[in-house]
Amino acid sequence: MSTTTARDLASPAPAKPSPAKPRRGLRASRTFNFWLFASPFLIGLIIFIYVPIGWSIYLSFFDARFTVTPSKFIGFDNYTYMLTDPKFTGSLVTFTVFAAFIVPTTWAMSLGIALLVNRLRFMRAFFRSVFFLPTACSYVAASLIWKMSIFSGVRFGLMNTILGWFGIDNIAWLITPSPPWYWLVIVTLRLWLQSGFYMILFLAALQNIPAELYEAASIDGAKPGWQTFRYITLPQLRATSTAVILLLLIAAYQAFDEFFNLLDKTTWGRPPLVELYTTALGTEQDYGAGSAGAVILTLLIIVVSLFQGKIMGFGRGDESK
């Protein structure tokens, strides 16, 4: 007779936990979560960016004086008017020259500061913050400081005080057309405001360059300094340099705040945006012509940006090409 007891019986195997069922419903949907977080930005982008752009293009083909809901279609007459307006075309030429000067100057200054900060062994974060701090200042506030304190035309201005130490008479920096000293005021202001931001971009790119490249160059006999900068550092910064130059070109053609606040109602060196502002929102209230000028300026920025990107190989997959 079997004497098997309950203790001798094999205990049943523990039941395997059933796999958790995936959550169903809208809250578990990645697509829903994406649209939940992206929709406010997209709605704002459509309402405040794309709709005004489309409406501006629409107005450029109509006679829209003193109204934003015109009914008289005039075709390309607004474009013809703006392209034959010497003030607008002159501002485009002037600011093409301005962009050709301010873009490489800001690029070189930002890169130079980034190289100096990157070589620091201590207090790097402090100096990085010091150079980046002007970026937080508004163009309007900085323009008033430059106008009323640093480059004030009276003898109490900082620059005139320094010139007075050397026996040089006071200079009316902002109202002297010949020589155009106001360009010195505007260029120094823009360099002070912009260099810190692009310095951060270059600094991030410099810190991503592998140290092995410099070690290999040292073994091959490359001298530290100009040779390593030319053959290693600068090629590795090509993508960042292209992006920086592209942003600087767009910013140069969109200059408005400092000119509007520094030069007041003078006509010397007025940027395209000031001309568009005067045409569309001034006494003329010609929204059609102002919109046509905005489209022309946008097309010019696109063409110049594409040309610059083509030269520097923007979007090229292989960095060695």
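Not measured: the values here are computed from a predicted model.

A. Representation of a nonpolar patch on the surface within the structure. A grouping of Ile 43, Ile 46, Ile 47, Phe 48, Ile 49, Tyr 50, Val 51, Ile 53 and Ile 57 is seen on the molecular surface, where their side chains present a nonpolar patch of about 880 Å² in accessible area. With respect to the helices and strands, the residue Ile 43 is situated in helix 1 (residues 30-59).

B. Region of the structure containing the environment of Met 159. Mapped onto the fold, Met 159 is located in helix 6 (residues 158-165). Its relative accessible area of 23% is what places Met 159 among the partly exposed residues. Counting along the chain gives 12 residues from Met 159 to Ile 171, while the straight-line C-alpha distance between them is 8.8 Å. Ignoring sequence-local partners within four residues, the contact set of Met 159 consists of Ile 150, Phe 151 and Trp 173.

C. Spotlight on the pattern of salt bridges. In this structure the tally under the stated criterion is 2 salt bridges. The closest approach of N and O atoms between Arg 65 and Asp 286, which form a salt bridge, is 3.5 Å. Of this pair, Arg 65 sits in the loop between helix 1 and helix 2 (77-83) while Asp 286 sits in the loop between helix 12 (272-281) and helix 13 (287-312), and the two are 221 residues apart along the sequence. Among the ionic pairs, Arg 190 bridges to Glu 258, the shortest N-O distance being 2.5 Å. Here the residue Arg 190 occupies a position in helix 7 (residues 182-207), and Glu 258 occupies one in helix 11 (residues 257-262), the gap between them amounting to 68 residues.

D. Highlighting the nonpolar core. By size, the foremost hydrophobic cluster in this structure holds 55 residues, and its most contacted members are Met 82, Phe 98, Ile 102, Val 103, Val 185, Leu 237 and Phe 259. Broken down by secondary-structure element, the contributors of at least two residues to this core are helix 2, helix 3 (86-118), helix 5 (139-150), helix 7, helix 10 (238-253), helix 11 and helix 13. A total of 14 residues in this core trace back to one element, the largest contributor, which is helix 7. Every residue in contact with Phe 98, bar those within four places of it in the chain, is listed here: Trp 183, Val 187, Arg 190 and Ala 252.

E. Up close: the confidence of the model for the protein chain. Predicted confidence across the protein chain gives a mean pLDDT of 82, with 87% of residues reaching 70 or more. Helix 12 is the least confidently modelled element of the protein chain, averaging 80 in pLDDT, while helix 2 averages 92, the highest of any element.

F. Quick look at the packing of helix 3 against helix 9 (residues 226-236). Their axes nearest at 14 Å, the elements helix 3 and helix 9 cross at an angle of 100 degrees. Accordingly, the angle class assigned to the pair helix 3 and helix 9 is roughly perpendicular. Contact residues: helix 3 offers Trp 107, Leu 111 and Leu 115, while helix 9 offers Phe 229, Thr 233 and Leu 234. Along the lines of polarity and charge, the residues of the contact of helix 3 with helix 9 split into 5 nonpolar, 1 polar and no charged.

G. Geometry of the packing of aromatic side chains. Enumeration over the complete set of coordinates arrives at 23 aromatic pairs. Ring plane angle 75 degrees and centroid distance 5.1 Å describe the contact between Phe 34 and Trp 35, whose orientation is recorded as edge-to-face. You can call Trp 35 partly exposed: its relative accessible area is 46%. When the centroid spacing of 6.0 Å and the interplanar angle of 90 degrees are considered together, the rings of Phe 98 and Phe 259 count as edge-to-face. Of this pair, Phe 98 sits in helix 3 while Phe 259 sits in helix 11, and the two are 161 residues apart along the sequence. Each member of the aromatic cluster is reached from another via a ring pair, and the members are Trp 55, Tyr 58, Phe 61, Phe 62, Phe 73, Phe 76 and Tyr 79.

H. Looking closely at the side chain of Thr 279. Along the polypeptide, Thr 279 turns up in helix 12. The buried category is assigned to Thr 279, whose relative accessible area is 8%. Once you skip the residues sitting within four places of it in the chain, Thr 279 turns out to touch Glu 284, Gln 285, Asp 286, Ala 289 and Gly 290.

I. Here's a closer look at helix 5. Of all the residues in helix 5, the buried ones are Ala 142, Ser 143, Trp 146 and Ile 150. Projected down its long axis, helix 5 carries its buried residues within an arc of 105 degrees, all on one side. As for helix 5, its buried residues are in contact with helix 6, helix 7 and helix 11.

J. Geometry of helix 9. Those residues of helix 9 not exposed but buried are Thr 228, Phe 229, Ile 232 and Thr 233. In a view along the axis of helix 9, the buried residues occupy a sector of 120 degrees, so they form one face of it. Residues Trp 226 and Tyr 231 are exposed on helix 9 and point more than 90 degrees away from its buried face. At its buried positions, helix 9 is contacted by helix 3, helix 7 and helix 8 (211-219).

K. Structural detail: unusual backbone geometry. With a phi angle near 60 degrees, Phe 66 is a residue other than glycine that sits in the positive phi range. Mapped onto the secondary structure, Phe 66 falls in the loop between helix 1 and helix 2. Given the relative accessible area of 58%, Phe 66 is considered exposed. In this structure, Met 123 takes a positive phi of about 60 degrees despite not being glycine. Taking relative accessible area as the criterion, Met 123 reaches 47% and is therefore assigned partly exposed.

So, how was this worked out
Residues numbered from 1 in each chain as written. Predicted model: local features only at pLDDT ≥ 70, side-chain atom pairs only at ≥ 80, totals over all residues. Heavy atoms only, no water. Patch = residues over 30% accessible without salt bridge, like charges linked within 9 Å, V, L, I, M, F, W, Y side chains within 5 Å. Areas by Shrake-Rupley, 256 points an atom, 1.4 Å probe, with all protein chains shown as cover. Salt bridge = Lys/Arg side-chain N within 4 Å of Asp/Glu carboxyl O. Helix = DSSP H or I, 4+ residues; strand = E, 2+ residues; numbered from the N terminus. Buried < 20%, exposed > 50% of the residue type's maximum accessible area, 1.4 Å probe, protein only. Contact = heavy atoms within 4.5 Å. Core = buried A, V, L, I, M, F, W, Y, C linked by side-chain atoms within 4.5 Å. pLDDT = per-residue confidence, 0-100. Axes fitted to C-alpha atoms, helices over the stretch in contact; angles between N-to-C directions. Parallel < 35°, antiparallel > 145°, perpendicular 65-115°, else oblique. Nonpolar A, V, L, I, M, F, W, Y, C, P; charged D, E, K, R; others polar. Phe/Tyr/Trp six-rings, centres within 6.5 Å; stacked < 30°, edge-to-face > 60°. Arc of directions from axis to C-beta.

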